[in-house]
Amino acid sequence: MSSSIASSSSSSSSSSKKEKKISLKTSDGEVFEVEEPVAMQLEIVRSFFADNEDVTEQTVMPLPNVSTAAMHGILEYCRAHEEFRRRMPEAAPEEEVRAFEAGYVDRKSNEELKEMILAANYLNISKLLDFLTGVAAKRIENKSVEYVRAFFGVENDFTPEEEANLRREYEWAFEGVDED
Amino acid sequence: MENRSVEFTELIPRLPEELGLECLTRLPYAAHRVASGVCRRWRDLIRSRDFYYHRKQFRYTRKVACLVQAVSGGSKESDGRKLVCGSPSYGLTVFDPVGGVWDRIDLVDEYPNGLPLFCQLAGCEGKLVVMGGWDPVSYDPVTGVFVFDFALGRWTRGKDMPAKMSFFAVGSYADRVYVAGGHDENKNALRTGWVYDLTQDDWTELPRMSRERDECEGAVIGEEFWVVSGYGTDNQGSFDGSADVYNFISGQWRRVERVWEPGRCPRSNVVVDRDGKLTSWSGLDPSVKVGTCGLTLGDGRVFVTGSEYQGAPNGFYVGEMVIKEDEKVKLDKIQVGDGFSGNGVVVRSGDEQQHRSRRWWRGIGVGEEDTERDGGAELGPTSGLLGGTQG
């Protein structure tokens, strides 16, 4: 994989010129015009443009595994982080980032969260993936076994006897959990 | 989900295997027990060593503080005095600094009266090792070794210690626990050292140290086990300023002079700063003056207990270890869970003088859910007695 990011034309002069946009098409056919630095956070997009010399500004990159809904969520996150970076290139304003991320996940349902994990994985945005899987883990902290099963749609395959044993063994782990 | 006959169960339905694993990898340790009750695959995964190593590799394991706490005595405020009169029994408390979760580990049946007094704790590859100490009723030294596996939530009995020793130093490296110094059953200070291999469940003797070191303290720095201070049989209580340092690779000791303030008791009081230098927990933060002891939690974070003044209740603090010596440590007081502050968690009261003559004790250790070892200058699990001298 070449490390020359998006070759010569873009990175050096983009700030002075009118902002370059990248067109991304989701699975349900919607085309998103995304500012280049934001789109480049999507590793799959970055390498597509770095590896294909014949792509032009008019090229619409299809993303068949990403729904429009997931794309909205992903771009919101990437745009916010691009904004943080632009304002404070040296070190991200940690508190602001945290506040943004907290508010951001609050608005996402469990289903949306799962869909975005899939999309972030496909688009290869390691930072977002890292963040989302952490959120998923966080959502089942302090929850009951039943809640966790329902959250992830995991089927209980223990025999009633095994389950009774587990409960006895981990009695205290079944107590003091948050209300579902 | 139209296909009901799934031959291969996914960890998390609709998520590719590696993403399901990513999510579970990020679960905090405290959530493992519930997670292992979800389904068979989760249970088998969470209990496996591979899962621990996977978490460790991606730096999701973390250190939890393990404390020896007085657990009997009801829910009175901890002013120590009550505990001295009634004899408390000691249990194991786990504090997870990330979730701020307090928890207690049930003890083995062999210790119906609580943990042996002055037993030593060592954290080792996701396990907590409890060794030695004195029978809480008879005060006879015991040689029992018990290993708590955080992944399984279970104890196993290890091979007994090869000799009766008390007040020895401990340190762990990879899957081995090193012990050195202390004294034998006749109160003769020791120069001996031993290594316990958890995988082999066996003890091997190390070469002798340069001098006797009773009531010494252990610390692991990089690839070395530091046995700090201590005193000889003939000069009880005059703590030495030197250390014997065992190199895990060469298998040899070397002696290092002037690393500890002579006369100061090193028990549970040695901390390795970010430069790899030894210093004392006492006085790291001027607001936590009395009975200070602590441990490092990785990533430069520290967990400290102590009182603000003589007679004050014990507090628990977390903070960042600062590199510059004059800045020391900034500590933030933390909330103590119900039942973890009352019963004299703080085994040691504020009034040090009063208790000097008693068998007064508390232990603290990095129990490790994790034994992550990065940055070289990390203090290994510490444990044992704090400040109190025996006899």
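Just so we're clear, the structure is a prediction, and the values are computed from it rather than from any experiment.

K.L.:
It is not clear to me how the overall build of chain B should be interpreted in this structure. Could you clarify?
P.N.:
Of regular secondary structure, chain B possesses six helices and 22 strands. Scored against the burial criterion, the 391 residues of chain B give a buried share of 51%. Long-range contacts, defined as pairs at least 24 residues apart, comprise 53% of the intrachain contacts of chain B with a sequence gap of at least 6.

K.L.:
Please clarify how the sheet that holds strand E14 (residues 243-247) of chain B should be interpreted in this entry.
P.N.:
All names here are of chain B. Read from one edge of the open sheet, four strands run E12-E13-E14-E15, paired in antiparallel fashion. At either end of the open sheet lies a strand with only one pairing partner, and these are strand E12 (217-221) and strand E15 (253-256). The average undirected angle you get between the axes of adjacent strands in this sheet is 25°. In this structure, strand E13 (residues 224-228) lies alongside E14, joined through five bridges in antiparallel fashion.

K.L.:
How do you make sense of the interface of chain A and chain B when you look at a structure like this?
P.N.:
For an interface, size is often stated in terms of accessible area lost upon the parts coming together. With 25 residues of chain A at the contact, the number on the chain B side is 20 residues. Sorting the residues of the side of chain A that touches chain B by element identifies helix H6 (110-123), helix H7 (126-140) and helix H8 (145-152) of chain A as the ones contributing at least two each. Residue contributions to the side of chain A that touches chain B peak at five residues, all from H7(A). Across the side of chain A that touches chain B, the residue classes break down as 13 nonpolar, six polar and six charged.

K.L.:
What is the right way to look at the nonpolar core in this model?
P.N.:
In globular proteins that are soluble, nonpolar side chains generally tend to be buried together. Counting 123 residues, the largest nonpolar core has Ile74(A), Ala120(A), Ala35(B), Val129(B), Tyr178(B), Val227(B) and Val228(B) as its most contacted members. Looking at which element gives the most residues to this core, the answer is strand E1 (residues 64-70) of chain B, with six residues. If we skip the residues at most four places from it in the chain, Val228(B) touches Cys216(B), Glu217(B), Ala219(B), Ala243(B), Val259(B), Trp260(B), Pro266(B), Val270(B) and Leu278(B).

K.L.:
Mind showing me how you'd approach the pairing of strand E2 (residues 90-96) of chain B here?
P.N.:
Taken residue by residue, a regular strand's side chains alternate between the two faces of the sheet. Residue and element names in this part refer to chain B. Judged by how many residues are buried, E2 sits mostly within the fold: six of seven residues are covered. The sheet contact formed by E1 and E2 spans six bridges and is antiparallel. Pairing of glutamine 69 across the sheet is with glycine 91, part of E2. Bridge count for E2 against strand E3 (residues 101-105) is five bridges, and the pairing is antiparallel. If you follow phenylalanine 95 over to E3, its bridge partner there is tryptophan 102.

K.L.:
Would you mind showing me how to read H8(A) here?
P.N.:
Owing to its 3.6 residues per turn, the α-helix brings residues three or four apart onto one side. For H8(A), the set of buried residues is Val145(A), Val148(A) and Phe152(A). Burial along H8(A) is one-sided: seen end-on, the buried residues are contained in an arc of 65°. Tucked inside the fold, the buried residues of H8(A) contact H7 of chain A together with helix H2 (32-35) of chain B. After H8(A) finishes, the residue Gly153(A) shows a positive phi value of roughly 65°.

K.L.:
Where do I start with the sheet that holds strand E8 (residues 169-173) of chain B in this structure?
P.N.:
The strands making up a sheet associate through hydrogen bonds between their backbones, and the pairing can be parallel or antiparallel. All names here are of chain B. Reading across from one edge, E8-E9-E10-E11 is the order of the four strands in this open sheet, with antiparallel pairing throughout. With one partner strand each, in any of the chains shown, E8 and strand E11 (202-205) form the two edges of the open sheet. Here the average twist between neighbouring strands, direction ignored, is 20°. Here five bridges tie E8 to strand E9 (residues 176-180), and the two strands are oriented antiparallel to one another. By the bridge assignment, valine 170 is partnered in E9 with valine 179.

K.L.:
I would appreciate a short explanation of unusual backbone geometry in the present structure.
P.N.:
What is expected of a backbone is that most residues other than glycine have negative phi and most peptide bonds are trans. Residue and element names in this part refer to chain B. At alanine 174, a position not held by glycine, the phi torsion is positive, near 50°. Mapped onto the elements of the fold, alanine 174 is located in the loop between E8 and E9. At lysine 187, a position not held by glycine, the phi torsion is positive, near 65°. Mapped onto the elements, lysine 187 comes out in the loop between E9 and strand E10 (193-197). Residue lysine 187 is classed as partly exposed on the basis of its 13 C-beta neighbours within 10 Å.

K.L.:
What is the right way to read the confidence of the model for chain B from this model?
P.N.:
Low-pLDDT portions of the prediction should not be read for the details of their coordinates. All names here are of chain B. When pLDDT is averaged along chain B, the result is 75, and 73% of the positions lie at 70 or above. Confidence drops under pLDDT 50 across residues 365-391; counting only partners more than four residues distant or on other chains, this segment forms 122 contacts. Interface scoring of the predicted complex returns ipTM 0.70; its pTM is 0.68.

K.L.:
So what exactly am I meant to see when it comes to the packing of helix H4 (residues 68-87) of chain A against H6(A) here?
P.N.:
Relative placement of two packed helices is described by the angle separating their axes and the distance separating the axes. All names here are of chain A. In contact at an axis separation of 9 Å, H4 and H6 are set at 75° when each is read in the N-to-C sense. The orientation of H4 with respect to H6, classified from their angle, is roughly perpendicular. Here H4 contributes Ala69, Ala70, Gly73 and Ile74 to the contact with H6, which in turn contributes Glu112, Glu115, Met116, Ala119, Ala120 and Leu123. Looking at the contact of H4 with H6, its residues break down into seven nonpolar, one polar and two charged.

About the thresholds
Residues numbered from 1 in each chain as written. Chains lettered and ligands numbered in written order. Predicted model: local features only at pLDDT ≥ 70, side-chain atom pairs only at ≥ 80, totals over all residues. Helix = DSSP H or I, 4+ residues; strand = E, 2+ residues; numbered from the N terminus. Buried ≥ 20, exposed ≤ 12 C-beta atoms within 10 Å, placed from the backbone. Contact = placed C-beta atoms within 7 Å. Pairing = 2+ DSSP bridges. Axes fitted to C-alpha atoms, helices over the stretch in contact; angles between N-to-C directions. Nonpolar A, V, L, I, M, F, W, Y, C, P; charged D, E, K, R; others polar. Core = buried A, V, L, I, M, F, W, Y, C linked by C-beta atoms within 7 Å. Arc of directions from axis to C-beta. pLDDT = per-residue confidence, 0-100. Parallel < 35°, antiparallel > 145°, perpendicular 65-115°, else oblique.

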